[in-house]
Amino acid sequence: MIDKSMKITLQGIDLKNFKGIRKFSATFDGLNAVISGPNGAGKSVIADALNWLLFNKNQAGESSFGVKPIGPDGEEVHYMEHSVNAALSIDPGAPAGGPETGHTVTLCKVMKEKWTKKRGSQTPEFGGHETTYYIDKVPKKESEYKDYIAGLVREDVFRLITSITHFNAMKWQDRRKLLLEVAGTISDYEIIVSDDRFSEIPGWCANRSFDDTLKMFRSQRPKINDELYKLPARITEAEDAKPAELACMPPSGVPAYAELTAKLTYLQNSRAAMMAGDTSSIRERIAAKRQEIADITNEHRIKCHEAEDTIRSIQNKAGELQIKLAQLKADQDLLARELMVLHQRRRALLADWRLNRQILKATSQDCPTCGQPLSDDNAQAAEMKKARLETAAANVSRIEEVGKAKAARVKEIEVSLPKIEKEIARISAEITGITDGADAVPMPEPPDMGELNDEIAKLERELKSPGAVPTEVSCIDDKISMVQAGIRAHDEAAANRKLSSQQDERVTELKDRKKSLGIELDALDSRIATMEDFIRARVSRVTEEVSTKFAPLSFKLFDMQINGGIAETCETLVPSPEGVMVPWGDCNTGHRILAGIRIVQVFSEHYGVHAPVFVDNAEALTMPIADIGSQVIRLVARDEAINHGVRLHVELQTAEVAF
Ligand SMILES: Nc1ncnc2c1ncn2[C@@H]1O[C@H](COP(=O)(O)OP(=O)(O)O)[C@@H](O)[C@H]1O
Ligand SMILES: [Mg+2]
């Protein structure tokens, strides 16, 4: 297989007074080689020498390192020439089947101290260092020399493709950049089509970058969250700001608003009229007060009439009873007199009766004159006797009859009299009762018109005096203030109702906001999650791509954080014999060497340049190194015999296979 990349190999190298090496010369002929020697023999110095020759730095990339040998006294040895001379074969890489275009170039760099004697002085003074450059033995200016090397290979590339430790000694950010460069651009499109959910991402990004869009979404989140967090308190606040229900009600006992405003207008007009000198109101009031007096007087008169009527009717009744009483007394008197007459008459009758009875008794048996029984021979006498008897008998019967009649009448009167007496007593009592009642009928007190008359007098005075209005005005002002207070109460209730409905609106608004923010936050979270998934997909895709390029090595390019975020990182992972991917830092020297060689190989292929690779501490490696297309010079710590004062042993590896 023809390698089209440029290949630089070391043909040979000479060192003079370079660091700890006084003199060293080796020929490699572009082959792999092993430089062995005990510790401190100067193996690493050779690698430093090549780097110094090309880039004025040691293998570790340091420019300020001591090139000059240090003497036994610990001081730099002066007045020496320090030089490195190397023959490099440069094969720029021929197209397939094309001619070999390689050539060899010798590069030489000589550094020496500058010592100058000042005029008049015997002792030379140190004036810095002087470096001379040669390309193919032709002296060159520093700039020409540097340009030539820069034309061969970039310093950073050279270091990547010649040092097996350089890559892992770099800052992780620089390492990561390089790896992604090697992996090549992985298009977002490739990842978008890998999952339906990602298809919306371009729309979200619009004309922003993916990172900016995600940054924007993430920055929106705390704002929404913060607002959402504060909303319940704001809702409560708005609810609390609502006035009490009672304060929104029209005030009880206060007339309706329209009534009050109409009254206010009327009062204000009245007041204005008063202020303008209109006294009609005073006159009206005087008239009203007089009317009041007339009404009260009239009422009193009616009440008096009523009382008088009552008394009169009582007196009438008493009069009627008096007449009745007089009648009864007359009757009583009459009966008493009749009774007395009857008693006299009865006494007279009794006497008459007794007389006639005696006549009867005497006439029938004896001569009433002599008391001798009467003889019938005296006819005349007999006749007389008979007549006498008959008269006496008639008298007795008549007297008895009259007596009986009189006795009946006496009895009748004796029954009537107590009755009349009783009636007289009853009526007398009744008359007394009625008379007392009449005395008890109250006569209405005459009304006191003093106050009203005073008011009238006062109003009349006001009417007569020019300053009569103020009292009226202050009176009307009081009414106006009362009406205004009523209107204010209405206004306050209305304002409270308005505030209440405004607060209700605010609460609804805030609740709506809460709802919409919740939806917004969900949508935002979903977008962030999708975009993070996209990043993860890209991460694994990139990791996969990089790891494929560097297999069997792999790289950790992202750190999944506990909070779900993804942080960039760069860690080389080296497969252990057990198949575990071990981080570079935890690897043993041998595996680090193998990993370093693989990295050098990938970068060499990537940049299309192969250059000599110095594998320091190669004694730590028990495995062979595969052919990576570059010349590999292993530096092995091993005791070697001193050969002409040089303790380094160079062994060339002619075999093309791994060594
Ligand atoms: N400027 C210097 N002058 C003299 N000796 C030096 C100087 N720098 C390094 N050394 C010594 O040179 C020797 C070669 O070192 P090095 O190449 O690292 O040895 P190794 O063969 O183990 O890789 C060491 O003993 C070191 O101490
Ligand atoms: Mg060493």
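Small disclaimer: the values here were computed from a predicted structure and weren't measured. (Residues numbered from 1 in each chain as written. Chains lettered and ligands numbered in written order. Predicted model: local features only at pLDDT ≥ 70, side-chain atom pairs only at ≥ 80, totals over all residues.)

### Overview of the overall build of the protein chain
Consideration 1: Of the regular secondary structure elements, the protein chain holds 14 helices and 14 strands.
Consideration 2: Its C-alpha atoms give the protein chain a radius of gyration of 79 Å, more than 25% over the compact-globule value 26 Å for 659 residues.
Consideration 3: Dimensions of the protein chain, computed from the C-alpha atoms along their principal axes, are close to 250 × 85 × 60 Å.
Consideration 4: Going through the 659 residues of the protein chain one by one, you find that 19% of them count as buried.
Consideration 5: Long-range pairs, those at least 24 residues apart, make up 69% of the contacts in the protein chain with a sequence separation of at least 6. (Helix = DSSP H or I, 4+ residues; strand = E, 2+ residues; numbered from the N terminus. Rg over C-alpha atoms; globule rule 2.2 N^0.38 Å. Buried ≥ 20, exposed ≤ 12 C-beta atoms within 10 Å, placed from the backbone. Contact = placed C-beta atoms within 7 Å.)

### Quick word on the sheet that holds strand E3 (residues 32-37)
Two modes of strand pairing occur in sheets, parallel and antiparallel, and in both the strands are linked by backbone hydrogen bonds.
Consideration 1: With respect to topology, 4 strands assemble into an open sheet ordered E12-E13-E3-E14, the strand pairing being mixed. The open sheet terminates on both sides in strands that have one partner only, identified here as strand E12 (613-615) and strand E14 (649-653). Averaged over all neighbouring strand pairs, the angle between strand axes comes to 20 degrees, with direction disregarded.
Consideration 2: When E3 meets strand E13 (residues 632-637), the two strands line up parallel, connected through 5 bridges. Its bridge partner lying in E13, Gly37 is registered against Ala637.
Consideration 3: Across the sheet, helix H1 (residues 43-55) is in contact with E3, E12 and E13; its angle to E3 comes to roughly 130 degrees. (Pairing = 2+ DSSP bridges. Axes fitted to C-alpha atoms, helices over the stretch in contact; angles between N-to-C directions.)

### Section: unusual backbone geometry
Consideration 1: Look at the link from Ala551 to Pro552: it is a cis peptide, with omega at 10 degrees.
Consideration 2: Inspection of the secondary structure assignment puts Pro552 in the loop between helix H13 (469-550) and strand E8 (554-560).
Consideration 3: Of note, Lys19 is a non-glycine position whose phi angle comes to about 50 degrees, a positive value.
Consideration 4: Relative to the helices and strands, Lys19 is located in the loop between strand E1 (6-18) and strand E2 (21-27).
Consideration 5: Unlike most non-glycine residues, Asn56 shows phi in positive territory, near 65 degrees.
Consideration 6: The residue Asn56 is located in the loop between H1 and strand E4 (81-91) in this model.

### A look at the site of ligand 1
Consideration 1: Close to ligand 1 lie 14 residues, the nearest being Gly20, Gly40, Lys43, Ser44 and Ile70.
Consideration 2: Here the shell around ligand 1 gets 3 residues from one element, more than from any other, and that element is H1.
Consideration 3: Here the shell around ligand 1 is composed, by residue class, of 4 nonpolar, 7 polar and 3 charged. (Near = placed C-beta within 6 Å. Nonpolar A, V, L, I, M, F, W, Y, C, P; charged D, E, K, R; others polar.)

### Re the domain arrangement of the protein chain
Consideration 1: When the domains of the protein chain are assigned, the result is domain 1 (6-153 + 611-653) and domain 2 (280-440).
Consideration 2: Each of domain 1 and domain 2 has a C-alpha centre, and these two points are 188 Å apart. (Domains from an automatic or database assignment.)

### Examining the pairing of strand E6 (residues 124-135)
Consideration 1: A small share of E6 lies buried, amounting to 1 of its 12 residues.
Consideration 2: Of the strand pairs in this sheet, strand E5 (residues 103-117) and E6 are connected by 10 bridges, and their pairing is antiparallel. For Cys108, the partnering residue across the bridge sits in E6 and is Tyr134.
Consideration 3: In this antiparallel pair of consecutive strands, E5 and E6, the connection spans 6 residues, and Gly120 shows a positive phi of 85 degrees.
Consideration 4: The pairing of E6 with strand E7 (residues 138-140) spans 3 bridges and is classified as antiparallel. Residue Ile135 lies in a different strand from E7, and its bridge partner there is Val138.
Consideration 5: Two successive antiparallel strands, E6 and E7, enclose a turn made up of 2 residues, where Asp136 displays a positive phi of approximately 50 degrees.

### Remarks on the sheet that holds E8
Consideration 1: On the basis of which strands lie adjacent, the open sheet formed by 3 strands has the order E8-E9-E10 and antiparallel pairing. If you trace the sheet from one side to the other, it starts and ends with E8 and strand E10 (581-583), each paired once. For this sheet, the mean inter-axis angle between neighbouring strands, taken without regard to orientation, is 50 degrees.
Consideration 2: Sheet analysis places E8 next to strand E9 (residues 566-575), joined by 6 bridges and oriented antiparallel.

### A short note on the nonpolar core
Consideration 1: Within the largest apolar cluster, 66 residues are counted, with the highest numbers of intra-cluster contacts made by Ile46, Ala49, Leu50, Ala86 and Val615.
Consideration 2: Ranked by residues supplied to this core, first place goes to H1 with 8 residues.
Consideration 3: With sequence-adjacent residues up to four places away left out, Ala86 is seen in contact with Leu10, Gly12, Ile13, Leu50, Leu53 and Leu107.
Consideration 4: Membership of the second largest hydrophobic core comes to 5 residues, among which are Ile191, Ile201, Leu214 and Met531. (Core = buried A, V, L, I, M, F, W, Y, C linked by C-beta atoms within 7 Å.)

### Some details on the environment of Leu349
Consideration 1: Inspection of the secondary structure assignment puts Leu349 in helix H10 (residues 280-365).
Consideration 2: Along the chain, Leu349 and Asn617 lie 268 residues apart, while their C-alpha atoms are 200 Å from each other.
Consideration 3: Leu349 has contacts with Ile399, Val402, Gly403 and Lys406, leaving out every residue within four places of it along the chain.

### Brief notes about the packing of helix H3 (residues 155-162) against helix H14 (residues 589-607)
Consideration 1: In the contact formed by H3 and H14, the axes pass within 7 Å of each other and the chain directions differ by 140 degrees. With respect to H14, the axis of H3 lies oblique. Seen from H3, the contacting residues are Val157, Leu160 and Ile161; seen from H14, they are Val600, Phe603, Ser604 and Tyr607.
Consideration 2: Residues of the contact of H3 with H14, tallied by class, amount to 6 nonpolar, 1 polar and no charged. (Parallel < 35°, antiparallel > 145°, perpendicular 65-115°, else oblique.)

### Considering the pairing of E5
Consideration 1: Inspection of the sheet shows E4 paired to E5 by 10 bridges, in the antiparallel sense. What sits directly across from His82, in E5, is Met111.

### As for the environment of Met80
Consideration 1: Mapped onto the elements, Met80 comes out in the loop between H1 and E4.
Consideration 2: When the C-alpha atoms of Met80 and Ala425 are compared, they prove to be 182 Å apart, with 345 residues separating the residues in sequence.
Consideration 3: In this structure, Met80 is in contact with Asn17 and Lys68, ignoring residues within four places of it in sequence.

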